[in-house]
Amino acid sequence: MKNNVLLPVINGIADVLKDVNAKAQIYIDTPPNVDSTTGGYFYVKPVNVTSENLLSDAVLLHAVFDVMYFPAESQLNNSVVLMDTLYGLNIALRHIYPADNVNGQYIKERMKKGQVLDSKIVDDVVHTTVRYDLYLDVEEKIELVRDVFFINE
């Protein structure tokens, strides 16, 4: 079991973002001073995780991400390019393949469908809010709680 259930989803998001703009850097933490003249950059920010109990103590996690695109300086104030990027993100983020690094190999899981909750352009930054549903069975849930709270047996 992975001790981080969000990392494979973030890896899957990063894979599709590379298809949207191969030149752009992808950050999952607050970006340092970046040179946005090269092709812009993406910032993937987990914003909310809620859980829903299912039968037999299984859990359905709803993980919500804000995927932001900061355009290159040459694209600023170009509403056509920003709208094209917004549309491209809406299409690309609907289907991802979560992936994890297992023993040095990049292994993709089966496809996950994302639900785009909101898309907008604010101050020349493209924001797409998307939700992915993750199912955890009883053993995964117990192991995740132990990993998060460092509980050793």
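All values reported here derive from a predicted model rather than from experimental measurement.

A look at the sheet that holds strand β4 (residues 95-96)
Next up, step 1: Ordered in space as β1-β2-β3-β8-β7-β4, the six strands form an open sheet in which the pairing is mixed. Of all the strands in the sheet, the pair left with one neighbour each is β1 (25-27) and β4.
Next up, step 2: With eight bridges joining them, strand β7 (residues 112-122) and strand β8 (residues 125-136) adopt antiparallel strand pairing. Residue pairing in the sheet places Lys120 in a bridge with His127 of β8.
Next up, step 3: Sheet strands touched by helix α2 (residues 79-92): β2 (41-53), β3 (59-70), β4, β7 and β8. Its angle to β8, the strand with the most contacts, is close to 5°.

Some details on the confidence of the model for the protein
Next up, step 1: For the protein, per-residue confidence averages 83 on the pLDDT scale, and 86% of positions sit at 70 or higher.
Next up, step 2: Across the protein, β4 holds the top mean pLDDT of 92, while helix α3 (residues 138-148) sits lowest at 70.

What counts as what
- Residues numbered from 1 in each chain as written.
- Predicted model: local features only at pLDDT ≥ 70, side-chain atom pairs only at ≥ 80, totals over all residues.
- Heavy atoms only, no water.
- Pairing = 2+ DSSP bridges.
- Helix = DSSP H or I, 4+ residues; strand = E, 2+ residues; numbered from the N terminus.
- Contact = heavy atoms within 4.5 Å.
- Axes fitted to C-alpha atoms, helices over the stretch in contact; angles between N-to-C directions.
- pLDDT = per-residue confidence, 0-100.

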